[in-house]
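Now for the letters of each chain:
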Amino acid sequence: MMASMTKADIFYEAMRTRDARFDGKFFVAVKTTGIYCRPICPAKPKRENVEFFASPHEAEKAGYRPCLRCRPESAPRSPAWIGKSAVVQRAVKVLNSRDSLEFDEDQFAGLFGVSARHLRRLFVEEIGKTPKQLQIENRLNLARKLIVETPMPITEIAFAAGFDSIRRFNDAFKERFKKAPRDIRRNKTEKGEGLKITLSYRPPFDFEGLMKSYFNHRMGNLEWFEAGKMHRVVSLGNQVGQVSISNLAEKSALLVEINFPDTSQVHAIISRVRNLFDLDSDPVIVANCLETNKELKSILKKFPGIRLPSGWDPFETAIATILGQLVSVERGRALVHDLIELAGSDSGFKVDGRAVKLFPTPQEIVSADLTTLKTTGMRKQTLVAFSQAVYANEISLDPTQDVDEFLKKIQKVKGIGLWTAQYMALKVLRHTDTFPASDLILARALELHPEAALEKLSPWRGYAAALLWRNYTGQLKKIPANRKKKK
């Protein structure tokens, strides 16, 4: 029976059963109401009254408006949303992951080596919206989330969403959602300390694996963990606050608690959490690829929903990578802690009675006296040279850059070799196809899982690395000779 089902039939069945694995992969438009929904929406329209779209943009282009109940803008993002050509795909990913809400069309197009006019044409052809229209849409989506989920005053929300005029915000909001902001806030939210926001993901989701990775690589006193919750002191725009992240498994969402003095940074904080927990990953697509390798398939059964670990801040992660060269995870973590205490500035926060220092900036590392840092002289030189290069914009940590060029450029810094470069590409740039084969744990794992087989896993070799780390960290010391396999 399943063999005779059409794609629309499969979509309707997924909608009928509210299968969260399909959330964000398609959208259901109801002809009788003019509204489009997520497949997990409680609404149950009849089959003859619906049609399906691959993205919110397609549904809105066809004249449908977003559902107020399931809020399609809150769905995990999907590759189907981001166009067909490589330049549009890269551009949309940048728009969706930018910390800043400021936007200049010429500068933005320049990131991809094309003119603003050419990029606008490609966007309209493939998505039906210009980059600027899509950026404004993202700002309005943020505003709606804050209106529905938080007690923030609407005026404050307008500014947090990047609008400098309340009138312009109200007009844009009405045009997008067909209702005024005050009419969207139907449920009263309790006022308290900070904001609470949910971020959806597609199950399965190996939240425990990410938490274990971040606990093992925690950044000094900036990060601490308790009972399934990660806490982080954050510094953005010369302000300091705190973020806490926990898992609402029954809702397939993360709960993000934000206590930050500047609400204009809420967008940046949400963007970083999305990246930190790899929320837009599609575990089904990744699993379909990894499961072509029988040995990885058996490991994936133990850890379904593997995600790609990274870090809160690219520069922090890069510096931690350098300090982690040729030492244990525990020693690398201790060196990061010592560097923060040596060169970082006071955050004004205290955790368990201890003052928390911020991670040092590139300038602070360059000017710091690293004499007492208990690592090699060569590594100290590398820290300074790398920080100088980042500060001078000679090295970029932008995830949209060409990874091969990044690998070449980063290895020109004395003291940075292939392992460090690949590790940075994976965890700093979040490049899904990087596999640091010379990593100690991965190298030992490859004695069981031939690298030749892993080459077939492109473009998800980064997830293969994450899966092997998840399985073997802390247990794979040395493989007995009788268990080794030939490459």
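The preceding data block contains the structure.
Analysis parameters
Residues numbered from 1 in each chain as written. Predicted model: local features only at pLDDT ≥ 70, side-chain atom pairs only at ≥ 80, totals over all residues. Heavy atoms only, no water. Helix = DSSP H or I, 4+ residues; strand = E, 2+ residues; numbered from the N terminus. Rg over C-alpha atoms; globule rule 2.2 N^0.38 Å. Buried < 20%, exposed > 50% of the residue type's maximum accessible area, 1.4 Å probe, protein only. Contact = heavy atoms within 4.5 Å. Areas by Shrake-Rupley, 256 points an atom, 1.4 Å probe, with all protein chains shown as cover. Lys, Arg positive; Asp, Glu negative; His and termini not counted. Charge placed at Lys NZ, Arg CZ, Asp CG, Glu CD. Pairing = 2+ DSSP bridges. Arc of directions from axis to C-beta. Axes fitted to C-alpha atoms, helices over the stretch in contact; angles between N-to-C directions. Parallel < 35°, antiparallel > 145°, perpendicular 65-115°, else oblique. Left-handed = near helix turned anticlockwise from the far one by under 90°. Nonpolar A, V, L, I, M, F, W, Y, C, P; charged D, E, K, R; others polar. Phe/Tyr/Trp six-rings, centres within 6.5 Å; stacked < 30°, edge-to-face > 60°. Core = buried A, V, L, I, M, F, W, Y, C linked by side-chain atoms within 4.5 Å.

Before going further, it helps to spend a moment on the overall build of the chain. Along the chain, the regular secondary structure elements total 22 helices and 11 strands. In summary, the chain has a C-alpha radius of gyration of 23 Å against a globular reference of 23 Å for 487 residues, a match within 12%. Judged by the C-alpha coordinates and their principal axes, the chain covers about 70 × 55 × 50 Å. The proportion of buried residues among the 487 residues of the chain is 51%. In the chain, 66% of the contacts between residues at least 6 apart in sequence involve partners at least 24 apart. Carbon and sulfur atoms make up 50% of the accessible area of the chain, which amounts to about 23,200 Å² in all. The average position of the 77 basic charges and that of the 56 acidic charges among the side chains of the chain differ by 4 Å.

Before going further, it helps to spend a moment on the pairing of strand 10 (residues 346-351). Across three bridges, strand 10 lies against strand 11 (residues 354-357) in antiparallel orientation. The residue of strand 11 that forms the bridge with Asp-346 is Lys-357. In sequence, strand 10 turns back onto strand 11 through a hairpin of two residues, with Asp-352 there showing a positive phi of about 55 degrees.

Right, let's talk about helix 1 (residues 7-16) for a bit. Phe-11, Tyr-12, Ala-14 and Met-15 are the residues of helix 1 that are buried. Projected down its long axis, helix 1 shows its buried positions confined to an angular sector of 160 degrees, all on one face. Along its buried surface, helix 1 packs onto strand 1 (27-30) and strand 3 (50-53). Looking at the residues trailing helix 1, positive phi occurs at Arg-18, about 55 degrees.

Moving on, we get to the side chain of Thr-317. Tracing the backbone shows Thr-317 in helix 14 (residues 314-323). When neighbours within four sequence positions are excluded, Thr-317 is seen to be in contact with Met-219, Ser-310, Gly-311, Trp-312, Lys-427 and Val-428.

Interaxial distance between helix 3 (residues 86-97) and helix 6 (residues 131-149) falls to 10 Å at its minimum, and their mutual angle equals 30 degrees. Between helix 3 and helix 6, the angle falls in the class roughly parallel. Here helix 3 and helix 6 pass one another in a crossing that is right-handed. Contacts from Val-92, Leu-95 and Asn-96 in helix 3 reach Pro-131, Leu-134, Gln-135 and Asn-138 in helix 6. Along the lines of polarity and charge, the residues of the contact of helix 3 with helix 6 split into four nonpolar, three polar and no charged.

Bringing the sheet that holds strand 6 (residues 223-226) into the picture now. In spatial order, the strands read 5-9-8-7-6; together these five strands make up an open sheet with antiparallel pairing. The sheet is open, and its two borders are formed by strand 5 (195-200) and strand 6, each paired with just one other strand. When strand polarity is set aside, the average angle formed by the axes of neighbouring strands in this sheet is 25 degrees. Taken together, the four bridges between strand 6 and strand 7 (residues 229-236) define a ladder with antiparallel strand orientation. Residue pairing across strands places Phe-225 opposite Met-230, the latter belonging to strand 7. Where helix 10 (residues 207-216) meets the sheet, it contacts strand 6, strand 7, strand 8 (239-248) and strand 9 (253-259), and its direction lies at approximately 135 degrees from that of strand 6.

As a further point, take the packing of aromatic side chains. Tallied over the entire structure, the rule returns 21 aromatic pairs. Aromatic pair Phe-169 and Phe-173: ring centres 5.7 Å apart, planes at 55 degrees, arrangement tilted. Here Phe-169 pairs with Phe-173, and both are found in helix 8 (residues 166-177), just four residues apart, close to one helical turn. Since its relative accessible area comes to 0%, Phe-173 is described here as buried. Taking the centre distance of 6.2 Å and the plane angle of 10 degrees together, the rings of Phe-315 and Phe-386 count as stacked. Separated by 71 residues along the polypeptide, Phe-315 in helix 14 and Phe-386 in helix 17 (residues 377-391) bring together distant segments of the chain.

What follows covers the nonpolar core. Core analysis: the largest hydrophobic core is formed by 43 residues, its most contacted members being Leu-254, Ile-258, Val-273 and Phe-277. A total of six residues in this core trace back to one element, the largest contributor, which is helix 11 (residues 266-276). Setting aside residues no more than four positions away along its own chain, Leu-254 makes contact with Ile-197, Thr-198, Leu-199, Tyr-201, Phe-205, Phe-207, Ile-245, Ser-246, Asn-247, Val-273, Phe-277 and Leu-279. Membership of the second largest hydrophobic core comes to 37 residues, among which are Ile-322, Ile-395, Leu-397 and Val-413.

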